[in-house]
Amino acid sequence: MPTVSKVLNGRADVASDTRARVEELIRRHGYRRRRGPGGGRSSMIDLVFHELDSAWAVEVIRGVESVARAEGLSVVLTESGGAQTPRDDWVDAVLARQSTAAILVFSDLAPEQRTRLTARGIPFVVVDPAGDPGPKMPSVGSANWNGGLVATRHLLELGHRRIGVIGGPRHVLCSKARIDGYSSALDSAGLTPDPALIRYGDFHVESGRDRGRELLRLDDPPTAIFAGNDLQAMGLYEAARELGVRIPEDLSVVGYDDLPVARWMGPPLTTVRQPLTEMAEEATRMALTLARGATPANLRLDLATDLVVRGSSAQPLTG
C-alpha cells in the first residue's frame, strides 16, 4: 500500500519497473481517485503550451490567470518545446504537485498520460486542440471553419476572384478547418479553389513572409490573401513590402485572431476575431467544474468568431 500511494502521488522514490507494474494495474482496473471538494488538491492549475513565443500565448495566459485568481489558485506555466504532446516528466510533476486541474493549449495528451491523470482525479481540458479531441476529451476552440468562410466571403464581396490562403500546419485541426471554410466560400461563389494559391505555414511570422513571397511571385499572383492567422499576416506584410506590393491597393490581406497588435499594423489589419481570452476562461471554468466532481453541460465548446474590418482589405484595382 505505501508503494501504490507513492505512485499515485507522483513520488520519485519508486523503482521504474515497480512504477510500471502499478501503472499497468491502475490502467487495467480503471482506478480513479475520488476527491471531495477541495480535498487532497493543491491550490494550483497547470497550464502547458507547445510554444510560448507569441502574443497569442499571452492572451490565453491572461484568460486562465483571470479565472484562477478569482478562485484563489495559482498557475504553473510549462512549455513543451514545440512538441504537441508534453513530456512524461511534466505528468510526473503534475502528479507530484497534486494540481487541481491541467489545461493544455494547442496540444494533446498520449493515451497513457490521460490514464495517469484521470486515475489521480486530475481533470484536463484542451484549448484549441491540434488534432481531433474526440467526444470524451474536454476542449474549447473557436468556429474555425466559419472564420475561414467569413474571411473569404469578405474578399469575394469586395470583388476579388483570385484569392490565396496561407494555412497553418497541414495536420493541425484549426488550420484544416479554416482552409475548408475558405474552399467552401469559393465553391459557393462558383469558383474552383486553385491548388497553386493554397500554401501551408506554421503560424509564425517567418512562414507568412516565405509563403507570401511564393504567392506574390507567381506569374498570376492573387489580389487577396487570407493569411491564416495574424502572425502570418505580419510576415505577408513584410513580403509585400520587399516586392513593392501595396496593401490594400495591390493586395488585400485578412488575418485570424485579432491580436492587440493587429490594429497597429500599417495599414491596420482586417482580421477574424478569435476570442482567445474568453476561450481560456471557459476552459478554466470547465476544468474547475470537473475538479469539483460535476459534469459540464458540454465537453466541447466552439466560441463564435466575427470579422473585424480595418484598412488592409479593399476592392481590387481594375485595368
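Per an unreviewed UniProt entry, the chain is named LacI family transcriptional regulator, and its organism is Nocardiopsis sinuspersici.

Remarks on the sheet that holds strand β8 (residues 224-226)
Across the sheet, which stays open at both edges, the 6 strands sit in the order β7-β6-β8-β9-β10-β12 with mixed pairing between neighbours. Each having just a single partner strand, β7 (198-200) and β12 (306-308) make up the two edges of the open sheet. When strand polarity is set aside, the average angle formed by the axes of neighbouring strands in this sheet is 20°. For β8 and strand β9 (residues 252-257), the ladder comprises 3 bridges, and the chain directions are parallel. Residue Ile225 lies in a different strand from β9, and its bridge partner there is Val253. Along the sheet face, helix α6 (residues 144-157) touches β6 (163-167), β8, β9, β10 (270-273) and β12 and points at about 160° away from the line of β9. Strands β6, β7 and β8 of the sheet are contacted by helix α8 (residues 205-216), whose axis makes an angle of about 155° with β6.

So, helix α10 (residues 276-291)
Since the α-helix packs 3.6 residues into each turn, any two residues three or four apart lie on the same face. Here α10 is 16 residues long and its end C-alpha atoms lie 23 Å apart, about the 22 Å a rise of 1.5 Å per residue gives. One or two residues past the end of α10 sits Gly293, with phi positive at roughly 90°.

Quick notes on the pairing of β10
As paired strands, β9 and β10 are joined by 4 bridges and run parallel to one another. From the neighbouring strand, Val254 faces β10, where its bridge partner is Thr270. Both β10 and β12 contribute to a ladder of 3 bridges, which runs antiparallel. By the bridge assignment for β12, Val272 is matched with Leu307.

Comments concerning the sheet that holds strand β1 (residues 44-49)
In space, the 6 strands of this open sheet follow the order β2-β1-β3-β4-β5-β11, with parallel pairing throughout. The open sheet is flanked by β2 (74-79) and β11 (300-303), the only strands paired with a single partner. Taking each pair of neighbouring strands and ignoring which way they run, the sheet shows an average axis angle of 20°.

Considering the pattern of salt bridges
The final tally for this structure, using the stated rule, is 18 salt bridges. Salt-bridge contacts for Arg69 lead to Glu65; the nearest nitrogen and oxygen are separated by 2.2 Å. In this pair, Arg69 and Glu65 are both assigned in helix α3 (residues 55-70), 4 residues apart and thus about one turn of the helix distant. Taking the relative accessible area as the measure of exposure, Arg69 reaches 52% and is therefore exposed. Glu65 gets classed as partly exposed once you look at its relative accessible area, which sits at 32%. Here Arg213 ties to Asp210 by a salt bridge, and the two come within 3.4 Å at their closest N and O atoms. One end of the pair, Arg213, and the other, Asp210, are both in helix α8, 3 residues apart, so they sit about a helical turn from each other. The exposure class assigned to Arg213 is partly exposed, which follows from its relative accessible area of 22%. Asp210 sits in the partly exposed class, given a relative accessible area of 25%. Via salt bridges that share partners, Arg209, Asp210, Arg213 and Glu242 belong to a single interconnected network.

Definitions and limits used
Residues numbered from 1 in each chain as written. Predicted model: local features only at pLDDT ≥ 70, side-chain atom pairs only at ≥ 80, totals over all residues. Heavy atoms only, no water. Pairing = 2+ DSSP bridges. Helix = DSSP H or I, 4+ residues; strand = E, 2+ residues; numbered from the N terminus. Axes fitted to C-alpha atoms, helices over the stretch in contact; angles between N-to-C directions. Contact = heavy atoms within 4.5 Å. Expected span 1.5 Å × (residues − 1). Salt bridge = Lys/Arg side-chain N within 4 Å of Asp/Glu carboxyl O. Buried < 20%, exposed > 50% of the residue type's maximum accessible area, 1.4 Å probe, protein only.

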